[in-house]
Amino acid sequence: MDGVGEREEHYGNAVHLAWTPAMNWLKTHGLYTTLRAHGTAVGLPSDSDIGNSEVGHNALGAGRTFDQGAKLVNNAITSGRMFAGDTWREIVGQVRANDSTLHFLGLLSDGNVHSHEDHLYQMLAQAKQDGVRKVRIHVLFDGRDVGEKSAEIYVEHLEKVLTQLRSDSFDVQPASAGGRMRITMDRYEADWGMVERGWHLHVLGEGPRFPSLSAALQEFRKDSSLTDQYLPEFVIPDADGHPVGPIHDGDGVILFNFRGDRAMEISRAFCESDLPRIGRVRMPDVYFAGMMEYDGDLKIPNKYLVSPPQIDNTLSEYLIERKLRQYACSETQKFGHVTYFWNGNRTGYIDEAFEEYVQIPSDEGISFDQRPWMKASDITDATIQRMLSGSFDFGRINYANGDMVGHTGDLEASVIAVQTVDWMLRKLIHAAQQSNTILLITADHGNCDEMFDGKQDGWEQWESLSAKLSPKTAHTLSPVPLYLYDPAGHSRYQLRQEGTLTLANIANTALNLLGLESRELYQPSLITMV
Ligand SMILES: O=C(O)[C@@H](CO)OP(=O)(O)O
Ligand SMILES: [Mn+2]
Ligand SMILES: [Mn+2]
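Per chain, residue numbering runs from 1 following the sequence as it is written. Labels are handed out in written order, letters beginning with A for the chains and numbers beginning with 1 for the ligands. Reporting of local features is limited, given that this is a predicted model, to residues whose pLDDT is at least 70; pairs of side-chain atoms are given and counted only at 80 or more, and all residues count toward the totals for whole chains, interfaces and linings. As a rule here, side-chain values come from all non-hydrogen atoms in the structure, and water together with hydrogens is ignored.

Section: the UniProt feature "active site" (unreviewed entry) in the chain
Working step 1: UniProt positions are given in the numbering used here, feature names are shortened, and annotations may be inferred rather than shown by experiment. According to UniProt, the "active site" (unreviewed entry) feature falls on Ser-53.
Working step 2: Secondary structure elements follow DSSP: runs of H or I no shorter than four residues count as helices, runs of E no shorter than two count as strands, and numbering proceeds from the N terminus. Mapped onto the elements, Ser-53 comes out in helix α3 (residues 53–62).
Working step 3: Think of it in three bands: residues with accessible area under 20% of the maximum for their type are buried, residues over 50% are exposed, and the middle band is partly exposed, with areas taken using a 1.4 Å probe on protein chains only. Classification of Ser-53 by relative accessible area gives buried; the value is 2%.

Set out below in structure tokens:
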């Protein structure tokens, strides 16, 4: 149940406002607890960091937590390792030798899910110190991991840093920008058009013009329905009307997002000469580096600044060693979550002889508040068919609704999203009873459990007040529910109550439920046999 957190408070909580007979039934007819899904418990730098799909699914699939991108990049920068490394020195060396431009492209916020603005600022200062003369910045507005209309805050931070750094020998300026759900940050090949739009903007310098980031924001704010994730794309021209930062042969390009899912396609656009999915017009010969290696198997991209967490000994690999058959299913928007993230950020099958991955195509070109049911029914149908035929020993599926609809900030649609998921649970429970399948139901992090930013009076009348309430589009700090339902009864085991329970405790639980011993390597199982 992607993005379905467990939050006690009723305020703006779509999970409470929804009618959820299946979840209620599970609380009394199954075993129930809550798990931590944010902050240090899942490998993020601090407990003020919201959980996210990457860290959540990594923990589920690996049975333990790893220092994640956000933390690894922080460490690499503060220790000086990043700037002493080959990639940084090569890219800076190439830009200096060619007297060319160093470009930074990425999500400008402190959301710490895909990126952090501080990483950019530290790299800018270092580039200047290392003798780079010209830098251009290609900005993606966030509004999804941070306040939905908070771009001004980050633009102000950026402008302040640039003013401090700018000098006769250091020419640094923003060059292009747009909302993260409009350009560049598509994932799982759901909409290559986003990447193509981003390419035309960042690389070719083609698009609508605005004199500055703040001028554009000022104009966009006149339309109160526009939120940062969907802000239109634009380029910044010089005094003669030419774009200030198209990307040319010999330039350096650093994609400063550390998370892989939404970084993969644009990385491929810079690195793969043959990529029919988008029209690039021209492909400059640049030194391209990612903040991280986004896919270790496919080697995307070739050059990166920080090594990703080495997630090994995953649950999937272990089950395959034991010749157990696996099934993974979601719709496009979350397909990589149950495959790529689940398997330690590796794309593709581990051993196809033992695995079946099913991807249901997501709706395209709409905002999910318009279709809050998304593809849940198709996921359920595909899964139930396999439960009844007994085609797998261990399966994992992801319902995108609570998260993707939660991100739109629409409470009413989010209630429908939760009710949709609940209706699916009801069907799965019936199928479990028919097929003697054990269900473990949880979420990777919260989202739709908190739909308003800050407490606002009179919220109970949210239907009539919605214009006044400011929506919260980001994930939450809530724990997530864990329902364990075994149609054969629960008298053989109990839920462990002691210690901090996190998503990482699930892998061993699954092993135990499959009749296997716990693995020493993983966090303890949630159940003890009685
Ligand atoms: O949409 C995304 O990229 C993130 C939020 O930034 O959500 P999730 O972690 O649930 O995929
Ligand atoms: Mn998620
Ligand atoms: Mn999300």
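After that view of the structure, there is still more to cover.
What to know about the site of ligand 1
Working step 1: Being near a molecule or strand, for a residue, comes down to having at least one heavy atom within 4 Å of it. Inspection of the region around ligand 1 gives 17 residues, with Ser-53, His-114, Asp-145, Arg-187 and Arg-262 positioned closest.
Working step 2: N or O atoms within 3.5 Å of each other form a polar contact, as long as, within protein, one can give a hydrogen and the other can take it, and as long as residues adjacent in sequence are counted only when both atoms are side-chain atoms. Ser-53 is positioned with one of its side-chain polar atoms (N or O) 2.5 Å from an oxygen atom of ligand 1.
Working step 3: The contact in question runs from an oxygen atom of ligand 1 to an N or O atom on the side chain of Arg-262, over 2.6 Å.
Working step 4: Taken by itself ligand 1 offers 320 Å² of open surface, and the protein chains cover 100% of this.
Working step 5: Three classes are used: nonpolar for Ala, Val, Leu, Ile, Met, Phe, Trp, Tyr, Cys and Pro, charged for Asp, Glu, Lys and Arg, and polar for all others, with Gly counted as polar. Residue composition of the shell around ligand 1, grouped by class: one nonpolar, seven polar and nine charged.
Working step 6: Summarising the domain contributions, the shell around ligand 1 has at least three residues from each of domain 1 (14–68 + 310–529) and domain 2 (70–306). Residue-level accessible areas treat just the shown protein chains as cover; the underlying method is Shrake-Rupley with a 1.4 Å probe. Domain segmentation is taken from an automatic or database assignment of domains.

Here we look at the domain arrangement of the chain
Working step 1: Split by domain assignment, the chain resolves into domain 1 (14–68 + 310–529) and domain 2 (70–306).
Working step 2: Each of domain 1 and domain 2 was reduced to a C-alpha centroid, and the two centroids are 32 Å apart.
Working step 3: Two residues form a contact once any of their heavy atoms are found within 4.5 Å. On the side of domain 2, 28 residues touch domain 1, which itself brings 31 residues to the contact.
Working step 4: Summed over both partners, buried area is the accessible surface (1.4 Å probe) that two parts give up on being assembled. Of the roughly 2,300 Å² buried between domain 1 and domain 2 on both sides combined, carbon and sulfur atoms contribute 48%.
Working step 5: Looking only at domain 1, the three residues that lose the most surface to domain 2 are Pro-45, Asp-67 and Tyr-340, adding up to 19% of its buried area.
Working step 6: Salt bridges, as used here, are contacts in which a Lys or Arg side-chain nitrogen is within 4 Å of a carboxyl oxygen on Asp or Glu. Counting across the interface, domain 1 meets domain 2 through one salt bridge.
Working step 7: In this structure, Asp-67 and Lys-71 form a salt bridge, with 3.3 Å as the shortest nitrogen-oxygen distance.

Brief notes about the sheet that holds strand β5 (residues 234–235)
What holds strands together in a sheet is hydrogen bonding between their backbones, with the strands either parallel or antiparallel.
Working step 1: The pairing criterion for strands is at least two bridges between them, as found by DSSP. With mixed pairing, the seven strands of this open sheet are ordered in space as β5-β4-β3-β2-β6-β7-β8. Strands with a single pairing partner mark the edges of an open sheet, and in this sheet they are β5 and β8 (304–306).
Working step 2: Seen against the sheet, helix α6 (residues 86–98) touches β2 (102–107), β6 (252–255), β7 (287–292) and β8 and runs at an angle of roughly 150° to β7. An axis is simply a line fitted to the C-alpha atoms; with a helix, the fit covers only the stretch in contact. Between two such axes, the angle follows the N-to-C directions and lies from 0 to 180 degrees.

Quick look at helix α2 (residues 21–29)
Working step 1: Looking only at α2, the buried set comprises Ala-22, Met-23 and Leu-26. Along the axis of α2, the buried residues cluster in a sector spanning 100°; they form a single face.
Working step 2: Along its buried surface, α2 packs onto β1 (31–35), α16 (411–435), β12 (439–441) and β13 (480–485). Comment: arc refers to directions from the helix axis out to C-beta atoms.

Some thoughts on the sheet that holds β12
Working step 1: With antiparallel pairing, the three strands of this open sheet are ordered in space as β1-β13-β12. Both edges of this open sheet fall to β1 and β12, since each of them pairs with a single strand only. Sheet twist, expressed as the mean angle between neighbouring strand axes with direction ignored, is 15°.
Working step 2: Summarising the sheet, β1 and β13 pair through five bridges and their orientation is antiparallel. The residue bridging Tyr-32 from the neighbouring strand is Tyr-483, located in β13.
Working step 3: Sheet strands touched by α16: β12 and β13. Its angle to β12, the strand with the most contacts, is close to 160°.

Here's the deal with the coordination of the manganese ion (ligand 2)
Working step 1: Coordinating N, O and S atoms are those within 2.8 Å of the metal (3.2 Å for Na, K and Ca), and as water is not part of the atoms, a site may appear to have fewer donors than expected. In the first shell of the manganese ion (ligand 2), the protein supplies Asp-2 (OD), Ser-53 (OG), Asp-444 (OD) and His-445 (NE2), at 2.0 to 2.2 Å from the metal.
Working step 2: Separating the manganese ion (ligand 2) from the manganese ion (ligand 3) is a gap of 4.3 Å. Linking Asp-2 in the segment before α1 (14–17) with Ser-53 in helix α3, this pair joins segments that are 51 residues apart in sequence.
Working step 3: Judged by its relative accessible area of 1%, Asp-2 is buried.

A look at the pattern of salt bridges
Working step 1: Inspection of every chain in the model, using the stated rule, returns 28 salt bridges.
Working step 2: The partner of Arg-64 in a salt bridge is Asp-312, with the nearest N and O atoms 2.5 Å apart. Remark: Asp-312 occurs in the loop between β8 and α12 (315–321) and Arg-64 occurs in the loop between α3 and α4 (69–78); sequence separation between them is 248 residues.
Working step 3: Of the charged contacts, one joins Glu-152 and Arg-221 as a salt bridge, the two residues approaching to 2.8 Å between their closest N and O atoms. With Glu-152 in helix α8 (residues 151–165) and Arg-221 in the loop between α10 (213–220) and β5, this pair connects stretches of sequence that are 69 residues apart.
Working step 4: With relative accessibility at 22%, the residue Arg-221 sits in the partly exposed group.
Working step 5: Shared partners join several salt bridges into a network, and the residues in it are Glu-189, Arg-268, Glu-272 and Arg-277.

Concerning the coordination of the manganese ion (ligand 3)
Working step 1: Listed as protein donors to the manganese ion (ligand 3) are Asp-403 (OD), Asp-403 (OD), His-407 (NE2) and His-475 (NE2); their distances from the metal cover 2.1 to 2.4 Å.
Working step 2: Irregular is the label for any site that misses the other tests, which are tetrahedral for four donors with all angles between 85 and 135 degrees, and square planar for four donors or octahedral for six when opposite donors exceed 155 degrees and the remaining angles lie between 65 and 115. Metal-centred angles of 57 to 168° between the six donor atoms at the manganese ion (ligand 3) mark the site as irregular.
Working step 3: Expressed as a motif, the donor residue spacing for the manganese ion (ligand 3) is D-x3-H-x67-H.

Observations regarding the packing of helix α9 (residues 192–202) against helix α11 (residues 264–271)
Working step 1: For the pair α9 and α11, the least separation of the axes is 10 Å and the interaxial angle reads 55°. By the angle between their directions, the pair α9 and α11 is classed as oblique. Read as a crossing pair, α9 and α11 show a hand that is right-handed. Contacts between α9 and α11 involve Trp-192, Val-195 and Trp-199 on the former and, on the latter, Glu-265, Ile-266, Arg-268, Ala-269 and Phe-270.
Working step 2: Of the residues contributing to the contact of α9 with α11, the split by class is six nonpolar, no polar and two charged. Here roughly perpendicular refers to angles of 65 to 115 degrees, roughly parallel to angles under 35, roughly antiparallel to angles over 145, and oblique to all remaining angles. Here a crossing is taken to be left-handed if its near helix is turned anticlockwise relative to the far helix by less than a right angle, and right-handed if that turn runs clockwise.

With respect to the environment of Trp-199
Working step 1: Along the chain, the position of Trp-199 falls in helix α9.
Working step 2: For the pair formed by Trp-199 and Pro-246, sequence separation is 47 residues and the distance between their alpha carbons is 9.9 Å.
Working step 3: Discounting residues that sit within four places of it in the chain, Trp-199 has contacts with Leu-204, Ile-266, Ala-269, Phe-270, Arg-280, Arg-282, Met-283 and Pro-284.

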